[in-house]
Amino acid sequence: MAAPASDIDKLSFEDALAQLEKIVSQLESGEAPLEKSIELYERGTELKAHCEARLKAAEAKVEKITLSAGGEATGTEPLDVE
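Rules and cut-offs
Residues numbered from 1 in each chain as written. Predicted model: local features only at pLDDT ≥ 70, side-chain atom pairs only at ≥ 80, totals over all residues. Heavy atoms only, no water. Helix = DSSP H or I, 4+ residues; strand = E, 2+ residues; numbered from the N terminus. Buried < 20%, exposed > 50% of the residue type's maximum accessible area, 1.4 Å probe, protein only. Contact = heavy atoms within 4.5 Å. Areas by Shrake-Rupley, 256 points an atom, 1.4 Å probe, with all protein chains shown as cover. Core = buried A, V, L, I, M, F, W, Y, C linked by side-chain atoms within 4.5 Å. Expected span 1.5 Å × (residues − 1). Arc of directions from axis to C-beta.

Participant: Sorry, what's going on with the overall build of the protein chain here?
Facilitator: Broken down by element type, the protein chain carries 2 helices and 2 strands. Helices (α) and strands (β) of the protein chain occur, in sequence order from the N terminus, as α-α-β-β. Each of the 82 residues in the protein chain was classed as buried or not, and the buried ones make up 15%. Pairs at least 24 apart in sequence give 50% of the contacts found in the protein chain among residues at least 6 apart. Surface summary for the protein chain: the accessible area is close to 6,400 Å², and the carbon and sulfur share equals 56%.

Participant: Would you mind going over the nonpolar core with me for this structure?
Facilitator: Inside soluble globular proteins, nonpolar side chains tend to come together where they are buried. Within the largest apolar cluster, 8 residues are counted, these being Ile8, Leu11, Ala16, Leu20, Ile23, Leu40, Leu47 and Cys51. Residues within four places of Leu20 in sequence aside, it is in contact with Gly44, Leu47 and Lys48.

Participant: Hey, could you run me through helix α1 (residues 13-29) in this one?
Facilitator: An α-helix turns once per 3.6 residues; consequently, residues spaced three or four apart project the same way. An ideal rise of 1.5 Å per residue puts 24 Å on 17 residues; α1 measures up with 24 Å between its terminal C-alpha atoms. Among all positions in α1, only Ala16, Leu20 and Ile23 are buried. Projected down its long axis, α1 shows its buried positions confined to an angular sector of 60 degrees, all on one face. Facing away from the buried surface of α1 by more than 90 degrees, the exposed residues are Glu14, Lys22 and Glu28. Here the buried face of α1 lies against α2 (34-61). At the exit of α1 stands Gly30, carrying a positive phi of roughly 75 degrees.

Take a look at the structure:
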């Protein structure tokens, strides 16, 4: 049986991605019974959303270095991701 969705919130990006990759592999094998496949798919969807949220949060933290006309670093500013 799949673990509760609430445990997903506690996973790091790497752990969630590893679980998602394992689920994809299980689904691609075609060996899981239908009910198990449905559970795996639902968990995979939750893990995918979690990974996307983690990536978006990381992007918000990324800063770009600003340079002076002479090419010297003058500071940082938020990355414009749009």
